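Single-letter residue listing:
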Amino acid sequence: MSNRIYYFLDSADHHPYPKMNGNYMNYTDTNHNICKSCPACGEDLYTLCDPAKLILFGEPMDYYCFTEECYISERFLHFLRAHHFTGYQTTPAIVTSADGKTLFHYERLMITGRCGLLCDSDEKIIPHCPVCKVRSYESFKTWHGVSFRAEAHDGSDFVQFVNFNDWNMPIVHKSLMKQILSEGFTNFYFEPLADFVLEDM
């Protein structure tokens, strides 16, 4: 099953709370604009503001993942390009130190690869809007483990479900996870899809 060999590519500082050892990144202003609402379910559909503006606290790390988006260092970007990985694109971000004196080179990582609709651990599709495809939120519903159907994977190295308008956390195969770990990149946290708990409040 997909959830046994695929992992969410999260960041160890937990986007960004709690602030791990004083090393974290946060926004300087709002990074989203509502561009329209779905006519069927009323879900607000967002667009990201460019360039993103963030403040880096503590020592710079290679990866930061918020709920909505991810930011990568120049070193990690070079790794992605050198290996010709697919399923992503990047745009420059403005990242400064807390005192505003240092400008860091980071890029926003946006996932373009897709693995179809979000499924539960048994590969049953979780309810979603038939128009915008964003998953339906059901009060107090909890799924222990998520997955996708193999035939829905588009073959990219980085993928994401189509059900989420504002959740951009990458999904990677176990082999790519091992490559990233072997390079010694910082602030990565890998969570198997099988262990992920999805809660609706």
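Residue positions are given per chain, counted from 1 along the sequence in the order it is written. Residue-level local features of this predicted model are given only where pLDDT is at least 70; pairs of side-chain atoms are given and counted only at 80 or more, and the full residue set underlies all totals for whole chains, interfaces and linings. Computation of side-chain values covers all heavy atoms of the structure but excludes hydrogens and water.

A few words on the confidence of the model for the chain. Residue-level pLDDT values for the chain average 84, and 81% of them are 70 or greater. Scored from 0 to 100, pLDDT records how confident the predictor is in each individual residue. Secondary structure elements follow DSSP: runs of H or I no shorter than four residues count as helices, runs of E no shorter than two count as strands, and numbering proceeds from the N terminus. The weakest mean pLDDT in the chain belongs to strand 3 (residues 32-37) at 67; the strongest belongs to helix 2 (residues 74-82) at 98. Counted against residues more than four places away or in other chains, residues 15-20, with its pLDDT under 50, gives 13 contacts. Contact between two residues is taken to exist if any of their heavy atoms lie within 4.5 Å; hydrogens are not considered.

The subject of this paragraph is the sheet that holds strand 14 (residues 188-192). One open sheet holds the three strands; their spatial order is 13-1-14, and the pairing between them is antiparallel. The open sheet terminates on both sides in strands that have one partner only, identified here as strand 13 (171-173) and strand 14. Across the sheet, the mean angle separating the axes of adjacent strands is 40° when strand polarity is ignored. Bridge analysis of strand 1 (residues 6-11) against strand 13 gives three bridges, and the strand direction is antiparallel. Bridge pairing in strand 13 links Tyr 7 to Val 172. Sheet contacts for helix 3 (residues 174-182): strand 1, strand 13 and strand 14; angle to strand 13, the most-contacted strand, approximately 90°. The pairing criterion is simple: DSSP has to find at least two bridges between the two strands. Angles here are taken between N-to-C directions and fall from 0 to 180 degrees, while the axes themselves are lines fitted to C-alpha atoms, restricted in helices to the stretch in contact.

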